[in-house]
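The residues making up each chain are set out below.
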Amino acid sequence: MQKKTVEDEEVYGKRVLVRADFNVPMDRNGTIEDDTRIRACLPTITYLIDHRARIILCSHLGRPQGRVDGHLRLEPVARRLSELLQRPVKPLREAIGPEVERAVSGMENGEIILLENLRFYPGDEENDPGFARELASLADLFVNDAFGASHRAHASVVGLAAYLPCVAGLLMEKEIERLGSLLENPRRPFAAIMGGAKVEEKIGILENIISKVDLILIGGGMSATFLKGQGWDAGISPVEPDKMEIVRAIMQKAGALGVRILLPQDVIVTEKLKTGAIARGVSAQQIPADSIIADIGPQTITEFTKELKNCRTVVWNGPMGVFEIPQFSEGTKSIATALADLHAMTIVGGGSTAEAVTKLGLSGKMTHVSTGGGATLLFLSGKILPGIAVLADKE
Ligand code: ADP
Ligand code: MG
């Protein structure tokens, strides 16, 4: 179904609330390590500037869990945006309330403000109608450009739609078009590589994608829960205890569908995940009780690379290890390189995964680098993402 975009609406002089995905990697001093996601939203913002709208930007950043966290303010994002656009972007200290209303009512055409981190309010993740209504009251039109957040039914993604007309931003439109056409008829074998940290969310996604692919390679933080689900010990690696049943169900479903799920046979472990930590390679079946999984091991790299060589379509979300620390970056580097060398359709998604690939200078060698991670995988599994479902259809 074709969705309406910002180009289908009259925006001159209107207050337009843009849900962006400015969830960028940022250190504790507010230094942005990778601004890909900010740049990705520029076409929509520029379009709105050119058409003299009043632009109210909003986004989440990190996981402050409904409370104000001084390290997760969006002010550094406003600064970067302002540099990129070469015009002022005014950060507010709140996302709703009288201060915000005052700021919005004083806006001129073409002016830009950025609301404070939406996740400082529990109502966003809870999809609270009251929070959605307050946000909606600031604007005349809602533009969702946060493809990467559209698999979550949050107030700023889904809830707003009850109170405002909502259309796709230009990045959202591009992601839907690219991913839709790439995956209409995927060439096989089709593999999904999954890793990273958000295990709880990703297990649900894996359950969905299993019926689309031939092969699933698992690394990163995901592997601990899967190894544990197979009855192995994962040391002190964080596992999702209440996901064991689902893991077993997934393995069973995979068996029934003839989908192979490959877990790491060896891993790099450490006692503490920090810079300068001592890294040790061990068999995945002999993880010491005091250790944590930090990367996939060399045998696994060899095996995964060999498997990937046969694939004609590969989707990757989630680093294979804690790649930010050099001792644990080998798995991610090797998989990125293997993908770059393939004669296959390669789709890489997720904030950290895209960052890793970009830092290696390999993004140009992928078919598509998506701004979404979980959202990309879920989209590819054929699910209609909640944030896309609520966008108005083209007439
Ligand atoms: P993406 O942003 O690509 O969707 P995630 O957000 O799920 O991926 O996860 C990215 C994070 O996962 C990275 O910061 C990386 O350090 C972390 N990570 C990868 N492997 C492990 C592991 N074995 N243990 C803990 N964290 C891990
Ligand atoms: Mg991430």
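Predicted, not measured: the structure shown is a model, and the values here were computed from it.

The rules behind the values
Residues numbered from 1 in each chain as written. Chains lettered and ligands numbered in written order. Predicted model: local features only at pLDDT ≥ 70, side-chain atom pairs only at ≥ 80, totals over all residues. Heavy atoms only, no water. Pairing = 2+ DSSP bridges. Helix = DSSP H or I, 4+ residues; strand = E, 2+ residues; numbered from the N terminus. Axes fitted to C-alpha atoms, helices over the stretch in contact; angles between N-to-C directions. UniProt positions renumbered as here; feature names shortened; annotations may be inferred. 1 Å grid on protein atoms, 1.4 Å probe; cavity = no way out; pocket = protein on both sides within 12 Å on 5 of 7 lines; lining within 4 Å. Buried < 20%, exposed > 50% of the residue type's maximum accessible area, 1.4 Å probe, protein only. Polar contact = N/O pair within 3.5 Å; in protein donor to acceptor, adjacent residues only side chain to side chain. Contact = heavy atoms within 4.5 Å. Near = heavy atom within 4 Å. Areas by Shrake-Rupley, 256 points an atom, 1.4 Å probe, with all protein chains shown as cover. Nonpolar A, V, L, I, M, F, W, Y, C, P; charged D, E, K, R; others polar. Domains from an automatic or database assignment. Buried area = accessible area lost by both parts, 1.4 Å probe. Salt bridge = Lys/Arg side-chain N within 4 Å of Asp/Glu carboxyl O.

Undergrad: I'd love a proper account of the sheet that holds strand β10 (residues 266-270), names of residues and values included.
TA: With antiparallel pairing, three strands are arranged side by side in an open sheet as β11-β10-β12. Since the sheet does not close on itself, it has two edges, and those belong to β11 (280-283) and β12 (292-296), each with one partner. Averaged over all neighbouring strand pairs, the angle between strand axes comes to 45°, with direction disregarded. One ladder, built from four bridges, connects β10 with β12; its direction is antiparallel. Note on β12: the bridge partner recorded for valine 267 is isoleucine 296.

Undergrad: Just give me the short version of the UniProt feature "binding site: (2R)-3-phosphoglycerate" (unreviewed entry) in the chain, but keep the residues and values in it.
TA: Per the UniProt entry, the sites bearing "binding site: (2R)-3-phosphoglycerate" (unreviewed entry) are Arg37, Arg119 and Arg152 in this numbering. Of the annotated positions mentioned, Arg37 line the largest cavity. Structurally, arginine 37 is set in helix α1 (residues 36-40). Its relative accessible area of 13% is what places arginine 37 among the buried residues. Separated by 3.0 Å, the side chain of arginine 37 and the backbone oxygen of asparagine 23 make a polar contact. Position of arginine 152 relative to the elements: it lies in the loop between β5 (141-144) and β6 (166-168).

Undergrad: How would you explain the sheet that holds strand β2 (residues 54-58) if you had to name every residue and give the values?
TA: In space, the six strands of this open sheet follow the order β3-β4-β2-β1-β5-β6, with parallel pairing throughout. In this open sheet, the two edge strands, each paired with only one partner strand, are β3 (90-91) and β6. When strand β1 (residues 15-19) meets β2, the two strands line up parallel, connected through five bridges. Residue arginine 19 lies in a different strand from β2, and its bridge partner there is cysteine 58. Packed on one face of the sheet, helix α2 (residues 42-50) meets β1, β2, β4 (112-114) and β5 and runs near 160° to β2.

Undergrad: Explain the site of ligand 1 to me, and be specific about the residues and the numbers.
TA: Around ligand 1 there are 18 residues in total, and Lys202, Asn317, Glu324, Ser352 and Thr353 lie nearest to it. Between an oxygen atom of ligand 1 and a main-chain N or O atom of glycine 351, the distance comes to 3.3 Å. For ligand 1, whose free accessible area comes to 580 Å², the fraction covered by protein is 85%. Going through the elements one at a time, β12 and α13 (351-359) are the ones with two or more residues in the shell around ligand 1. Among the elements that line the shell around ligand 1, the one with the most residues is α13, at three residues. Residues belonging to the shell around ligand 1 are distributed by class as follows: five nonpolar, ten polar and three charged.

Undergrad: Any details on the domain arrangement of the chain? Residues and values, ideally.
TA: Assigned domains of the chain: these are domain 1 (6-174) and domain 2 (186-380). For domain 1 and domain 2, the distance between their C-alpha centres works out to 31 Å. Contacts between the two partners involve twelve residues from domain 1, matched on the other side by 15 residues from domain 2. Overall, the association of domain 1 and domain 2 removes approximately 1,100 Å² of surface from exposure, summing both partners, and the carbon and sulfur fraction of that is 59%. On the domain 1 side of the contact with domain 2, Arg37, Phe147 and His151 bury the most area, a combined 46% of that side's loss. The salt bridge involving glutamate 201 is made with arginine 152; its shortest N-O contact spans 2.8 Å. For the interface between domain 1 and domain 2, the tally reads three residue pairs in polar contact (both at pLDDT 80 or more).

Undergrad: Which residues make up the pairing of strand β7 (residues 190-194), and what values do they have?
TA: Of all five residues in β7, five are buried; the element is thus mostly enclosed. Pairing between β7 and strand β13 (residues 313-317): five bridges, direction parallel. Its bridge partner being in β13, alanine 192 is matched across the sheet by valine 315. Note that β7 and strand β8 (residues 215-218) share four bridges and pair parallel. Bridge pairing links alanine 191 to leucine 215 in β8.

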